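Structure assessment
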Amino acid sequence: MSVQYRPLGMVKEMLELIGIEVTYAYEDLIFIQHNHFLLQFGKVGEILFYSANVATTEDEAQQLFTAVQTAASGKGITLLRRGPYQLTADADEKMSLHFLDDAPPQPE
């Protein structure tokens, strides 16, 4: 079993240059400060998927996507938009992440 290459350091640096802070990374997911959106690595390290939080307005989600996409293209990273997600806390304070199918799937 091989470990997939995921350029987390490059992505973190890219986001910091546009004023966005990474708060947590888990496996292929990158969580962003204030939870407006999250990023997910594709099967190839230079592909990222963008999913907006359901609580983020469409205008704000589009502005953030455009800013991240511009920064990503400067680093040779392809950013693709996926449907929204919802993050909820269970009664025992465990967090659950649910990707919603409101948008057409993007190619990997």
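It should be noted that the structure appears before, not after, this text.
Let us look at the structure shown here. Predicted, not measured: the structure shown is a model, and the values here were computed from it. (Residues numbered from 1 in each chain as written. Predicted model: local features only at pLDDT ≥ 70, side-chain atom pairs only at ≥ 80, totals over all residues. Heavy atoms only, no water.)

A look at the overall build of the chain
Applicable threshold: Per the convention used, a helix needs a DSSP run of H or I reaching at least four residues, while a strand needs a run of E reaching at least two, with both numbered from the N terminus. A simple rule labels every residue: compare its accessible area, found with a 1.4 Å probe on the protein chains alone, to the largest value its type can have, and call it buried under 20%, exposed over 50%, or partly exposed in between. A contact between two residues is defined here by any heavy atoms of the two lying within 4.5 Å. Every accessible area reported is derived by Shrake-Rupley at a probe size of 1.4 Å, with residue values counting cover from the shown protein chains alone.
Helix and strand counts for the chain stand at two helices and seven strands. Its helices and strands in sequence order give the chain the pattern α-β-β-β-β-α-β-β-β, from N to C terminus. Expressed as a percentage of its 108 residues, the buried residues of the chain come to 37%. Across the chain, contacts joining residues at least 24 apart in sequence account for 48% of those joining residues at least 6 apart. Roughly 6700 Å² of accessible area belongs to the chain as shown, and the carbon and sulfur atoms make up 52% of that amount.

Here's the deal with helix α1 (residues 8-17)
Where we set the bar: The directions from the helix axis to the C-beta atoms are what the arc is built from.
If you check which residues of α1 are buried, you get V11, M14 and L15. The arc that holds the buried residues of α1, viewed along the axis, is 95 degrees, so those residues lie on one side. Facing away from the buried surface of α1 by more than 90 degrees, the exposed residues are G9 and L17. Its buried side turned inward, α1 meets β1 (22-26), β2 (29-32), β3 (37-41), β4 (47-52) and α2 (58-74).

Notes on the environment of K75
Formally: Think of a polar contact as two N or O atoms within 3.5 Å of one another; within protein, one of them needs to be a possible hydrogen donor and the other a possible acceptor, and neighboring residues in sequence only count if both atoms come from side chains.
With respect to the helices and strands, K75 occurs in the loop between α2 and β5 (78-81). Using a relative accessible area of 29% as the deciding quantity, one classes K75 as partly exposed. The sequence separation of K75 and E46 amounts to 29 residues, and the corresponding C-alpha distance is 9.0 Å. Excluding residues that lie within four positions of it along the chain, K75 makes contacts with M10, E13 and M14. A distance of 2.9 Å separates a polar atom in the side chain of K75 from a polar atom in the side chain of E13.

Some remarks on the pattern of salt bridges
For clarity, the threshold we go by: By salt bridge we mean one thing: a side-chain nitrogen of Lys or Arg within 4 Å of a carboxyl oxygen of Asp or Glu.
Evaluation of the coordinates by the stated rule reveals two salt bridges. Across the pair E13 and K75 runs a salt bridge, and its minimum N-O distance is 2.9 Å. A residue pair is termed long-range when its members are at least 10 positions apart, and E13 in helix α1 and K75 in the loop between α2 and β5 qualify at 62 residues. Where R81 meets E58, a salt bridge forms, and the shortest distance between an N and an O atom there is 3.2 Å.

As for the pairing of strand β7 (residues 95-99)
How we decide: DSSP-based pairing: two strands are paired if at least 2 bridges between them are found.
The pairing of strand β6 (residues 85-89) with β7 spans five bridges and is antiparallel. Looking across to β7, one finds that Q86 is bridged to H98. Two successive antiparallel strands, β6 and β7, enclose a turn made up of five residues, where E93 displays a positive phi of approximately 70 degrees.

Considerations on the packing of aromatic side chains
The following threshold applies: Ring geometry is summarised as follows: Phe, Tyr and Trp rings, the Trp one being its six-membered ring, pair when their centres sit within 6.5 Å, and such pairs are stacked at plane angles under 30 degrees, edge-to-face over 60 and tilted between the two. A positively charged side chain is recorded as over a ring if its NZ (Lys) or CZ (Arg) lies within 6 Å of the ring centre. The angle to the ring normal must also be within 35 degrees.
A full pass over the atoms with the stated rule returns five aromatic pairs. Centre to centre, the rings of Y24 and Y26 are 6.5 Å apart; their planes meet at 5 degrees, and the pair counts as stacked. Among the residues examined, Y24 registers a relative accessible area of 48% and is labelled partly exposed. On the basis of relative accessible area, Y26 is assigned to the partly exposed category, the value being 43%. Ring centres of Y24 and F31 lie 6.0 Å apart, and the angle between their planes is 40 degrees; this geometry places the pair in the tilted category. Every member of this aromatic cluster is reached through a ring pair, and the members are Y24, Y26 and F31. The positively charged end of R81 is found above the aromatic ring belonging to F65, 5.9 Å away from the centroid. The aromatic ring of F49 is capped on one face by R82, whose charged end is 3.6 Å from the ring centroid.

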